[in-house]
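So the chains spell out like this:
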Amino acid sequence: MNVEPLPPLPPTAHRELLLAIEQLDRENFVTRLAHATGTPVDIAIKYLPGPVNRRLREMVKTAILRCLDVAINSLEEDTDLGAPPSWMGKVLTGISGGIGGFFGMVALPFELPLTTALMLRSIAEIARAEGENLAMLEARLACLEVFAIGGGNETGELKLEYYAVRSVLSRLTQDLSRHMMERGAFNASSPVISRFIGEIASRFGFAVSARFASGIVPVIGAIGGATVNVIFTDHFQRVARSHFIVRRLEREHGSALVRGHYAAALAAASGAYRLGLEAAD
């Protein structure tokens, strides 16, 4: 069966897409932290005690719930203000991370919601810069999706590629949007909201576990919670920019075309990687 070749994207759009793919399907927070410190953080994560992991999951869900409340009720405000420089968000989250690093688990229930909310505001400014209309609930929920897209899973790998994650989140976002239109109010106990929060928290929680586990690795612990939080924030800002670049390209050139080029680029990269392994053997 003959497959019709994809119509080409304009050169600038194609370059933007390739750079976005590098962030969305090639890196995660654990990898970036390991590269920055030369230490395998994933090993430390495996040795976190069960009660600590359960407590972290609870705190992550609470942080995401608060961010959802912000996204629904106030994220579209102050649209006339200019976007603050990206380093400002890193500085603020670095300060909160420094406080959390000093006090450890005791401070995390207070520090994590603050850090996550600051990151959400930074993500929203990136979304605006890429042409998103934050007066639309769908665009505001897309800001929250960044926490899931930039997270990981129990192995620290992004087993689901970007569009697979988006597909799952899209169904939940549509359900949540319908729920809000019908009810007109934010109800944290709603099963629809619980499913949405659970999906995001399950992936974002891995990155949070990695951030917390880094504190028990001597090499990284010496760097300090502030520095780790800067890396943490920078990672999600990069993911946000790439996510909203892809969404902008979809608006400009059509979702099917952009998704087709995305899949083709991934397949080409995977083929080149396999050829490299065969050559090494």
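Here the residue index of a chain counts from 1 through its sequence in written order. Residue-level local features of this predicted model are given only where pLDDT is at least 70; pairs of side-chain atoms are given and counted only at 80 or more, and the full residue set underlies all totals for whole chains, interfaces and linings. Water and hydrogen atoms play no part in the side-chain values, which are based on all heavy atoms of the structure.

**Q** Quick question: what am I supposed to make of the confidence of the model for the protein here?
**A** Reading fine detail from the predicted coordinates is not recommended where pLDDT is low. The predicted model of the protein averages 77 in pLDDT, with 70% of residues at 70 or higher. Across the protein, element-level confidence peaks in helix α7 (residues 137–149) with a mean pLDDT of 93 and bottoms out in helix α5 (residues 86–103) with 46. Each residue carries a pLDDT score, the predictor's confidence in it, ranging from 0 to 100. In what follows, a contact means two residues having at least one pair of non-hydrogen atoms within 4.5 Å. Below a pLDDT of 50 lies the segment residues 80–104, which in the model reaches 32 contacts outside its immediate sequence neighbourhood of four places, other chains included. In the predicted structure, residues 155–159 sits below a pLDDT of 50 and forms 13 contacts with residues beyond four places in sequence or in another chain. Runs of H or I in DSSP of at least four residues are treated as helices and runs of E of at least two as strands, each being numbered from the N terminus.

**Q** Just checking my understanding: could you explain the packing of aromatic side chains for this structure?
**A** Within a pair of aromatic rings, the relevant descriptors are the distance that separates the centres and the angle that separates the planes. Only centres within 6.5 Å qualify two rings of Phe, Tyr or Trp (six-membered ring in Trp) as a pair; their planes then separate them into stacked at under 30 degrees, edge-to-face at over 60, and tilted for everything else. Tallying each qualifying case throughout the model produces 8 aromatic pairs. Judged by centre distance (5.1 Å) and plane angle (85°), the ring pair of Y163 and Y262 falls under edge-to-face. Residue Y163 is located in helix α8 (residues 162–183), and its partner Y262 is located in helix α12 (residues 255–280); the two are separated by 99 residues in the primary sequence. Across the pair, Y262 and Y163 agree in class, each one buried. Ring geometry for F204 against F236: centres 5.4 Å apart, planes inclined by 75°, an arrangement best described as edge-to-face. Of this pair, F204 sits in helix α9 (residues 191–213) while F236 sits in helix α11 (residues 225–253), and the two are 32 residues apart along the sequence. F236 shares its class with F204; the two are buried. Relative accessible area decides the class of each residue, using a 1.4 Å probe on protein chains only: under 20% of the type maximum gives buried, over 50% gives exposed, and in between gives partly exposed.

**Q** What exactly am I supposed to notice about the environment of H179 here?
**A** With respect to the element layout, H179 can be found in helix α8. Sequence separation between H179 and S190 is 11 residues; the distance between their C-alpha atoms is 9.0 Å.

**Q** I'm lost on the environment of I231 in this one. Help?
**A** Relative to the helices and strands, I231 is located in helix α11. Owing to a relative accessible area of 16%, I231 belongs among the buried residues under this scheme. Spatially, the C-alpha atoms of I231 and R32 are 7.8 Å apart, while their sequence positions differ by 199 residues.

**Q** I would appreciate a short explanation of α7 in the present structure.
**A** A turn of α-helix holds 3.6 residues, and therefore any two residues three or four places apart point the same way. Over its 13 residues, α7 runs 18 Å from end to end, which matches the ideal 18 Å to within 8%, given 1.5 Å per residue. The largest bend along α7 measures about 25° and falls at C143. Among the 13 residues that make up α7, 12 are buried, leaving the element largely enclosed by the rest of the structure. Burial in α7 covers these residues: L137, A139, R140, L141, A142, C143, L144, E145, V146, F147, A148 and I149. Multiplying 1.5 Å by the residue count of a helix minus one yields the expected span of that helix. The bend reported for a residue corresponds to the angle between axes fitted to the seven residues ending at that residue and the seven starting there.

**Q** Teacher, can you tell me more about the pattern of salt bridges here?
**A** Between Lys or Arg on one side and Asp or Glu on the other, a salt bridge is scored when a side-chain nitrogen of the former is within 4 Å of a carboxyl oxygen of the latter. Counted by the stated rule, this structure contains 11 salt bridges. The partner of R55 in a salt bridge is E58, and the shortest N-O contact between them spans 3.4 Å. Of this pair, R55 and E58 both sit in helix α4 (residues 50–73), separated by 3 residues, roughly a single helical turn. Put simply, E132 and R247 hold a salt bridge, and the shortest N to O gap is 2.7 Å. Residue E132 is found in the loop between α6 (108–129) and α7, and its partner R247 is found in helix α11; the two are separated by 115 residues along the sequence. Overall, E132 belongs to the buried group, its relative accessible area being 8%. Through salt bridges that share partners, E16, E130, R248 and E252 make up one connected network.

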